[in-house]
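Results of the structural survey
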Amino acid sequence: MHVFVTGASGFIGRAVVAELIAAGHAVTGLARSDASASVVKDLGADVRRGDLDDLDQIREGADAADGVVHLANKHDWTRPEVSNGAERASVRAISDTLAGSDRPFVLASGLAMPGLGRPATERDPNPAVGPDSPRGGAENLALTYADRGVRVVPVRFAPTVHGEEDHGFISIVARAARRRGASAYPGEGRNRWPAVHRSDAARLVRLGLENAPAGTILHAAAEEGVPVRRIAEALADRLGVPATSVPAERLADEILFVGRFLSADIPATSTITCDLLGWRPTGPTLLEDIAAGHYDQP
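The protein goes by SDR family oxidoreductase in an unreviewed UniProt entry, where it is assigned to Nonomuraea deserti.

Take a look at the structure:
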């Protein structure tokens, strides 16, 4: 099929585009700059110029495609309302365009549900509802189109999608450790984060696009929960600094946006996803990627 991909030049997007093309699909990637367009072309995909604020280009890209994968996000952590608003608007634009066509729409969502007292499953509803919630409540908005002729498939990514060239959460934590001279973890560090390698995440996106029924929620979590203390200790070993316990509120102040999540216990399973699609993660674990040196450099 011909797939329109937003966020095509990003860390996850590049892996998804490569996965789709290797499986025989044609891809058009949304690119906001010459540099992004060059990356998308080098992957073997066509380019549509635009960004998340260019809703006309997003609608036209979706209308011309057999399916859509939406991965782009502004990630403006200093102004979350900007990111949330853009996310909700783009998801609505894509969903309205695909309505009545039964075409697939795979969208990135988050896998952070603290306070459950157990690992989250695909059957747990996303608590983010409405335009002022995280990601603008885009997952729940998109799911309302499942009975309006859109094969909506939210993929909830683990908070760390890791691998070489990762500039996400773990990279931010590593930079903070270098700056501080110590790799910090909250309290006893027993709280857990799920994790997934980017290659496994990309394969799951493709499988969801090809096979998942409308309204299916998928969990991109290869590891149910890695204790945050073990993450901090692994980074400490690589960076040559001590691993240190600090109060959770200090982490929230010291590491913008990410710090407050470091104290959250957010394990999650992917059993339903694996059983439905035959997804079997094979990539390196998070601690293996840290040990491989992928987070050594600033």
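A tally of helices and strands in the protein yields 12 helices and 12 strands. On C-alpha atoms alone, the protein measures out to a radius of gyration of 19 Å, which is about the 19 Å that the 2.2 N^0.38 rule sets for 298 residues. Along the first, second and third principal axes, the C-alpha atoms of the protein reach 55 × 40 × 35 Å. Roughly 12,500 Å² of accessible area belongs to the protein as shown, and the carbon and sulfur atoms make up 48% of that amount.

Under the definition given, this model contains 2 aromatic pairs. Centre to centre, the rings of Phe169 and Trp193 are 5.9 Å apart; their planes meet at 50°, and the pair counts as tilted. With Phe169 in helix H6 (residues 169-180) and Trp193 in strand S9 (residues 192-197), this pair connects stretches of sequence that are 24 residues apart. You can call Phe169 buried: its relative accessible area is 17%. For Trp193, a relative accessible area of 0% translates into the label buried. Here the aromatic rings of Phe169 and Phe261 are separated by 6.5 Å at their centres, their planes lie at 20°, and the arrangement is stacked. Remark: Phe261 occurs in helix H10 (residues 258-261) and Phe169 occurs in helix H6; sequence separation between them is 92 residues. Sitting over the face of the ring of Tyr145, Arg148 holds its NZ or CZ atom 4.1 Å from the ring centroid.

On to the sheet that holds strand S3 (residues 46-49), then. The strand order across the open sheet built from 7 strands is S3-S2-S1-S4-S5-S6-S10, with neighbouring strands paired in parallel fashion. The open sheet terminates on both sides in strands that have one partner only, identified here as S3 and strand S10 (218-220). Sheet twist, expressed as the mean angle between neighbouring strand axes with direction ignored, is 25°. Taken together, the 3 bridges between strand S6 (residues 150-157) and S10 define a ladder with parallel strand orientation. Bridge pairing links Arg156 to His219 in S10.

Below, the discussion takes up the environment of Gly7. Inspection of the secondary structure assignment puts Gly7 in the loop between strand S1 (2-6) and helix H1 (11-22). Considered as a pair, Gly7 and Gly29 are 22 residues apart in the sequence and their alpha carbons are 7.3 Å apart. For Gly7, the contacting residues outside a window of four places in its chain are Gly13, Leu30, Leu71 and Ala72.

With that settled, the discussion passes to the pairing of S9. Burial within S9 is extensive, with 5 of its 6 residues counted as buried. In the sheet, strand S7 (residues 160-162) pairs with S9 via 3 bridges, with the strands oriented parallel. In the strand pairing of S9, His162 is matched with His197.

A few words now on the sheet that holds S9. The strand order S7-S9-S11 describes an open sheet built from 3 strands, whose pairing is mixed. Two strands close off the open sheet at either side, each with one partner strand: S7 and strand S11 (223-227). When strand polarity is set aside, the average angle formed by the axes of neighbouring strands in this sheet is 45°.

For the rest of this paragraph, the subject is the domain arrangement of the protein. Segmentation of the protein into domains returns domain 1 (2-158 + 197-220) and domain 2 (160-195 + 223-267 + 283-292). One C-alpha centre belongs to domain 1, the other to domain 2, and the line joining them spans 26 Å. At the interface, 20 residues of domain 1 touch 22 residues of domain 2. Carbon and sulfur atoms supply 68% of the area buried between domain 1 and domain 2, which totals about 1,600 Å² over both sides. In terms of surface lost to domain 2, no three residues of domain 1 exceed Phe11, Trp77 and His197, which account for 43% of the buried area on that side. The interface formed by domain 1 and domain 2 includes 1 salt bridge.

What counts and how
Residues numbered from 1 in each chain as written. Predicted model: local features only at pLDDT ≥ 70, side-chain atom pairs only at ≥ 80, totals over all residues. Heavy atoms only, no water. Helix = DSSP H or I, 4+ residues; strand = E, 2+ residues; numbered from the N terminus. Rg over C-alpha atoms; globule rule 2.2 N^0.38 Å. Areas by Shrake-Rupley, 256 points an atom, 1.4 Å probe, with all protein chains shown as cover. Phe/Tyr/Trp six-rings, centres within 6.5 Å; stacked < 30°, edge-to-face > 60°. Buried < 20%, exposed > 50% of the residue type's maximum accessible area, 1.4 Å probe, protein only. Lys NZ or Arg CZ within 6 Å of the ring centre and 35° of its normal. Pairing = 2+ DSSP bridges. Axes fitted to C-alpha atoms, helices over the stretch in contact; angles between N-to-C directions. Contact = heavy atoms within 4.5 Å. Domains from an automatic or database assignment. Buried area = accessible area lost by both parts, 1.4 Å probe. Salt bridge = Lys/Arg side-chain N within 4 Å of Asp/Glu carboxyl O.

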